Every structure is written in structure tokens, then in C-alpha cells.
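# Chains, contacts and geometry: an overview
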Amino acid sequence: MIILEIKKQKKGKLLVRTDEVGTFPVYEKEAAAFHLEEGAEIPDGEWERLCSEVLSKRAKKRALHLLEQMDRTEFQLRQKLKGDHYPDFLVDEAVEYVKSYHYIDDLRYAESYLRYQQEKKSRLQIKNTLLKRGVPADLIDQAFEEEYEADEGELIARILEKRGYDPEKSDPDETRRTYQYLLRRGFSVSEIRRGMDLT
């Protein structure tokens, strides 16, 4: 494996780009210890030693740190680690490591998100958010089966009350704006019409 480029980052960190595994982060002290220089070859044995002694441990530690800050989906954790320039195989390793301790669990994440958001957001809005965060559709469906208790009609009524909507006093423009607002929030046409007394 050949080192194509070494870029200086902040706080003594370097970003090493290779012809085989893409990039990986090291500190200047580590680069010196492993004789990492632009144009140089990294022998297989040295690469394995660098991975086991430095990179693998650091990727796992980084994954744990990211999960301490906030709960994340597997997809979100992978994106963060890739953003930190860890090669795919180290990202896989770090994710499997935290999974083995149940620090990451997409079903648990979906259930928790649903519990806290179902009184504020429509079913569709919750589902779309979870899909964007990388939660598989089957786990979202399972979370809805186990946790969803909200009544969307009641939720619409609360939103209308908060907005001060009165079907008898509102003009057509206000009615249209309110209707569009509820549509954007992911409520069904039938629920909106019923809640706004448009039937």
C-alpha cells in the first residue's frame, strides 16, 4: 500500500491518503513511529500493527464517544465515523463492537423517538424522519405496533387551538394556509377535513 498524500489537520492530527484503503487519521507522533511519509510504502505487517494498535482502538473509542453525546441510529453512527475518515472496514468493526454491547439498537431508537414525538408529530412525519435517519422500514413498523398510542384527530385539534383557528371566523385564506400547514405536517386529508370542520 502506497501513501499518496499526508495532509495536516488541527491539533497535530494528520490525514493519510493511500492507494488501497482511502484515508485514515493519525497523529504526528504515530506517523513518525510507523514511518509514514508521502510516496512511501506501508508493508502489510506494519499496516496490520497500525490497525490493531492504533486505528481500530481509536475508531471504537470514537464510536463510544459519539453515542455518549446522543443516541444515534446505526446509519448515523456510520456517517459520523466515515466523516472522521475511518476506512469502511474500521467503521464496520467499530459498529459491530458497540452493537455487541447493545449501545446501538435501531428498534430501541425508533421506539424512543416515537414515544417522545407522537404527541407532537403526525404518523407520516415520524416515519419519514426515522427513514431519513437510516432506520429500516420493518423496524419502524414494529416500533409503531408496540409504541404508537396517539390520536391524530386530537393532535390536529391541539394544533388548531394553538394556531387560534376558528372555522366559523376564519376567512378562505386563513383556512387554506392552515390546511396546507397540516398537510405539510403529514396528516391525512380526511383527518384534516374532519378536524377543520370542512366535511
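Further up the page is the structure itself.
Residues numbered from 1 in each chain as written. Predicted model: local features only at pLDDT ≥ 70, side-chain atom pairs only at ≥ 80, totals over all residues. Heavy atoms only, no water.

### A word on the pattern of salt bridges
Quick reminder of the rule: Put simply, a salt bridge is a Lys or Arg side-chain nitrogen that is within 4 Å of an Asp or Glu carboxyl oxygen. Secondary structure counts use DSSP, requiring at least four H or I residues in a row for a helix and at least two E residues in a row for a strand, with both numbered from the N terminus. Burial here depends on accessible area, computed with a 1.4 Å probe over protein chains only, as a share of the maximum for the residue type. Under 20% is buried, over 50% is exposed, and the range in between is partly exposed.
Enumeration according to the criterion identifies 15 salt bridges in this entry. Among the salt bridges present, the one from E191 reaches R194, with a minimum N-O distance of 3.2 Å. Pair noted here: E191 and R194 are both in helix α10 (residues 189-195), with a separation of three residues, about one helical turn. Residue classification places R194 among the exposed positions, given a relative accessible area of 53%. A network of salt bridges, in which partner residues are shared, links E74, R78, D92 and K99.

### A look at helix α7 (residues 137-147)
The criterion, for reference: In this description, the arc belongs to the directions extending from the helix axis to the C-beta atoms. When checking whether two residues touch, look at their non-hydrogen atoms; a contact exists if any pair is within 4.5 Å.
Among all positions of α7, only L139, I140, A143, F144 and E147 are buried. Buried residues of α7, viewed axially, fall in a sector of 145 degrees; they line one side. In α7, the exposed residues that point more than 90 degrees away from the buried face are D138 and E145. Where the residues of α7 are buried, they touch α5 (106-117) and α6 (123-132).

### Digging into α6
Looking only at α6, the buried set comprises I126, T129 and L130. All buried residues of α6 project into a common sector of 95 degrees when viewed along the axis, lining one side. On its buried face, α6 sits against α5 and α7.

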